[in-house]
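# A closer look at the structure
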Amino acid sequence: MSDPLNAPPRRGWAALEPLRERTFLTIWSASLLSNFGQLIQGVGAAWEMTRLTSSPGMVALVQTALMLPLMLVAVPAGAVADMFDRRKIAMLGLAFATLSAASLTVLAALGLTTPWVLLASCALIGAGVALYGPAWQASVSEQVRPELLPAAVGLASVSYNIARSFGPAIGGVVVMAAGAMAAFAINALFYLPLLAAFYFWRRKHVPPRLPPERMYRAIVSGARYAIHSPPIRNVMVRAFATGFAGASTVALTPLIARNLLHGDARTYGLLLGASGIGAVVGAFAVSEVRERLKPEQAFLLCAPLSGLMILLLGFSHSLLASAACFMVAGAGYMLLVTLLSVGVQLSAPRWVAARALSWFQSSLTGGIAIGAWFWGSVTADHGLQVALMVSGGLLILTPLIGLLLPMPRISRSDAEQVELTHEPEVALPITARSGPVVIEIDYRVDPERARQFYEVMLGMQRTRLRNGAFEWSLSRDIADPELWTERYHCPTWGDYLRQRSRYTNADRDLQLRIDGFHTPTGGSRVRRRLERPFGSVRWHADTPDHSGEHTPLLPP
């Protein structure tokens, strides 16, 4: 009898295929419940702020408080998730968010909530979610088959937006019936099933070949990869721009409900629910859109549509019309964010996946956090309608960024890591801390092909730098025009071994192109040198290495 979990995907149900993987289904279902809790809490916090103060800026700062930690904590959280067990890191973040939500509930029960206490509590909850986020997103690829990854990323967004379809409306009812304290308590309780789902996940542990990097080095490695990887860098810039331009609806929805529609917390919940329904439709459409349109074409369609809906919100005084605008804007905006996230996940190799996602998340949430503050300030100075019109206009214009920073067009197979078969020859008793290590590679190239060789080597420059090399250079012998020398260095021998372990299929293909430039009698020659041989070599085999890394450290 065939296993239904391993059966081939059914046509027309591709978007739901990841739910046939048991681990993903369990965590996804628990995540759905936790998302309900977060959105109910968000409604409670936003509406409580309208009760505590009449300042539009303070109301908008609720979203800034929730999003700013995602920008600040996401980067170190991504490094931690790449260095250690992602399951345990996810559990730690969830436990912190649960404790923070429970503390806010107690403060509300004691009547101690003030605008700044509320903002600080939201920031702490956001910090826990920020620690959890990269670990969860990077672990999706461990829970589903590679061909299901885009659909799984879309479903992760669906989980949030199904909750956003009904959670805010439920939150509005909860706040009206029992007050904000009840919303805070529900959020704390709804984190617990997700915490249990990760606890019972039996994650397959793959022992690393090399010791983990130190925290600051891991953060630097992730940043260098993002800077020197055009696909990741482009997505980060576009995520920030999209988050900033579209943040007005997230930050100003309570004011739209109260000032333009003259409603209450239920009206606020209904507007967020309409946006959530549209976002669910958008997330389910990701696979179909990716199949029919190129990423840049999808952006050219979705960004202007969402921006137009935000612009129209400034003129609407009808609940039905405003809800329709929120629904269409939510669908377009979710397509934009999911396409960006898929672009990162398909572009980043496993060793830096969580860090790449954390930089993406930091860019997106940073744009939303700064945008929420900015649009709140514009509202305070010029009015709500002006803020919505300008925000919508900016979102309409964001596809112009694609003229300079296009969306990545890369397959998952390009980002799969490959193992180098040759090992470096070592005669010195070096350790992982020995260094700096200088690498020089000689190439012999027909002078008539020099220009083409140089242009291809610029691609190798990006590969070396994003994988951990420093001070890359390429020189040509003035006495022997066929001879070219590539040179770079790594801070330590351990860093060099990590750099060697990070090559992907795309990097290997680039190396094969470069090898094709060799003259018939030529070939590459590699020299590895220790820059400070007497200060960084363990001359006695029994000398302990106080870094905790043992001698010798070579690939198996």
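As shown above, the structure is provided for reference.
Everything in this summary refers to the structure shown in the same document. Everything numeric in this text was worked out from a predicted model, so none of it was measured.

## A short note on the nonpolar core
- Within the largest apolar cluster, 124 residues are counted, with the highest numbers of intra-cluster contacts made by Phe24, Phe198, Ile232, Leu252, Ile256 and Leu388.
- Examining the composition of this core, we find that 14 residues originate from one element, helix α13 (residues 319–347), more than from any other.
- Grouped together as the second largest cluster of nonpolar side chains are 27 residues, Tyr443, Trp472, Tyr503 and Ile514 included.

## Section: the sheet that holds strand β4 (residues 525–530)
- An order of β2-β3-β1-β4 is seen for the four strands of this open sheet, with the pairing classed as antiparallel. Strands at the two margins of the open sheet, each flanked by one partner only, are β2 (470–476) and β4. Sheet twist, expressed as the mean angle between neighbouring strand axes with direction ignored, is 15 degrees.
- In this sheet, strand β3 (residues 483–490) lies alongside strand β1 (residues 437–444) in antiparallel orientation, the contact comprising eight bridges.

## Let's talk about helix α12 (residues 295–313)
- With 19 residues, α12 should cover 27 Å at 1.5 Å per step; its first-to-last C-alpha distance of 27 Å lies within 8% of that length.
- Ala298, Phe299, Cys302, Ala303, Ser306, Gly307, Met309, Ile310 and Leu313 are the residues of α12 that are buried. On an axial view of α12, the arc spanned by its buried residues comes to 155 degrees, and they lie on one face. Turned more than 90 degrees from where α12 packs its buried face, Leu300 and Leu301 sit exposed.
- Contact partners of the buried residues in α12: α9 (230–260), α11 (286–292), α13 and α15 (384–397).

## So, the pattern of salt bridges
- Scanning the entire structure with this criterion turns up twelve salt bridges.
- Notably, a salt bridge pairs Arg527 with Asp442, separated by 2.5 Å at the nearest N-O pair. On the criterion of sequence distance, the pair formed by Arg527 in strand β4 and Asp442 in strand β1 is long-range, its members being 85 residues apart.
- Note on Arg527: relative accessible area 15%, which makes it buried.

## Notes on the side chain of Ser121
- With respect to the helices, strands and loops of the structure, Ser121 is situated in helix α4 (residues 115–143).
- On the basis of relative accessibility, which here comes to 9%, the residue Ser121 falls in the buried class.
- If sequence neighbours within four positions are ignored, Ser121 has contacts with Leu104 and Leu107.

Parameters at a glance
- Residues numbered from 1 in each chain as written.
- Predicted model: local features only at pLDDT ≥ 70, side-chain atom pairs only at ≥ 80, totals over all residues.
- Heavy atoms only, no water.
- Core = buried A, V, L, I, M, F, W, Y, C linked by side-chain atoms within 4.5 Å.
- Buried < 20%, exposed > 50% of the residue type's maximum accessible area, 1.4 Å probe, protein only.
- Helix = DSSP H or I, 4+ residues; strand = E, 2+ residues; numbered from the N terminus.
- Pairing = 2+ DSSP bridges.
- Axes fitted to C-alpha atoms, helices over the stretch in contact; angles between N-to-C directions.
- Expected span 1.5 Å × (residues − 1).
- Arc of directions from axis to C-beta.
- Contact = heavy atoms within 4.5 Å.
- Salt bridge = Lys/Arg side-chain N within 4 Å of Asp/Glu carboxyl O.

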